[in-house]
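For reference, the chains in residue letters:
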Amino acid sequence: MTGVSPGVPPAATRRRLAPLAALAVLAAVASAACAATEPPAAAPTTPNTAGSSIATLAGATAAVSPSAPSGVFAAVPEEAGALAQYLVEAERAVRNPAVDPAGATAAGRQLQLGYSRLGSRPALIESVRALVPDDVRFPFEQNLAARLAPPDVPPRPAGSTLPAWQIREPRPAAELLGYYREAEARTGIGWQYLAAINLVETRMGRIVGVSSAGAVGPMQFLPSTWTECCTGDPWNDRDAILGAATYLRRRGGPTDMTKAILGYNPNRRYLAMVTAYAAVLAADERAYRGYHAWQVFWDTSAGLVRLPVGYAADAPVDAATYLRDHPQDGA
């Protein structure tokens, strides 16, 4: 990851240092991932994400190639007009009911990569913005805002290793959506916020690992906090989502979601990312299909690295060696 965690507040007033996804540069490379984002690497708390998927949609159900021989960003345009089209067609695809799940997944990954590319080319932003039509202007602006959210503290240099994590397939989109809605019905916390937090924290549960502060599970709880506020298993998707909603309500939601989110993670960049993604989901629930597809990336001194489903490490892995053996996961 490229960020650094701010001063650590007392344990009683914080949940953990930083979202894993954000730590992984998981955002909408939000960002999240952070950022690189797409969204954050080792003890940071500022998300900056990246994603992956790289081909153009040729039709309602056309699939985007998940990778390219020369790296995951190989097919992402660098010229303003082509990049605008790349983003627009993907934003429309995730909202098009004629696009099947595979096509929506491809479009979601295309969005993650496209916003990462645009965020890393600030000189292109105004030219691309001028080409975005009204029907997708709102999600464009929100996703870009998440990608560009400034870190709370200056980022530190990326490290040379990949994290000791496992990357799994997330639970099906419909299943997770059911848990978000169940939690909303119980607590009043909008499902969109829960989905956005799940996205930024662990890319919808893809990351199985422990944060630098000891937080665990798909919604990243400190064990001590979990014991105080929640029931069940923090590693279980349903329990963790219900627990997050309970915690957010105790922190001021749904009346004051800014206060609640900052209580969940006292980081302004985190707040900006979660708020932006939640706004996109509130405007059009179909955007959820795209976010559910976002992948995990980690920024290193050897370059940005995609951590695909099946990645598993019990100890840090040398990034340069990994890229030598897995060139398809390099950016």
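Above this text you will find the structure in question.
Residues numbered from 1 in each chain as written. Predicted model: local features only at pLDDT ≥ 70, side-chain atom pairs only at ≥ 80, totals over all residues. Heavy atoms only, no water.

**Digging into the pattern of salt bridges**
Then step 1. Evaluation of the coordinates by the stated rule reveals 18 salt bridges.
Then step 2. With a closest N to O distance of 2.8 Å, glutamate 141 and arginine 129 form a salt bridge. Pair noted here: glutamate 141 is in helix 5 (residues 137-148) and arginine 129 is in helix 4 (residues 125-129), with a separation of 12 residues, a long-range link.
Then step 3. The partly exposed category is assigned to arginine 129, whose relative accessible area is 23%.
Then step 4. The partner of arginine 186 in a salt bridge is glutamate 182, with the nearest N and O atoms 3.1 Å apart. Of this pair, arginine 186 and glutamate 182 both sit in helix 6 (residues 173-187), 4 residues apart, roughly one helical turn.
Then step 5. Relative accessible area serves as the criterion here: at 56%, arginine 186 is assigned to the exposed category.
Then step 6. According to the relative accessible area criterion, glutamate 182 is partly exposed, its value standing at 23%.
Then step 7. One network of salt bridges, in which partners are shared, links Glu126, Arg129, Asp134, Arg137 and Glu141. (Salt bridge = Lys/Arg side-chain N within 4 Å of Asp/Glu carboxyl O. Helix = DSSP H or I, 4+ residues; strand = E, 2+ residues; numbered from the N terminus. Buried < 20%, exposed > 50% of the residue type's maximum accessible area, 1.4 Å probe, protein only.)

**With respect to the nonpolar core**
Then step 1. Residues Tyr180, Leu194, Phe221, Tyr264, Tyr277 and Tyr288 are the most contacted members of the largest nonpolar core, which totals 45 residues.
Then step 2. Looking at this core, the elements that each hand over two or more residues are helix 6, helix 7 (191-202), helix 8 (223-229), helix 9 (237-250), helix 10 (257-264), helix 11 (268-283) and helix 12 (287-291).
Then step 3. With 9 residues, the top contributor of residues to this core is helix 11.
Then step 4. Residues in contact with leucine 194, not counting those within four places in the same chain, are Tyr180, Ala183, Glu184, Ile189, Met219, Ile241, Ala244, Ala245 and Leu248.
Then step 5. One finds Ala80, Ala84, Ala93 and Leu118 within the second-largest nonpolar core, a separate group that totals 28 residues. (Core = buried A, V, L, I, M, F, W, Y, C linked by side-chain atoms within 4.5 Å. Contact = heavy atoms within 4.5 Å.)

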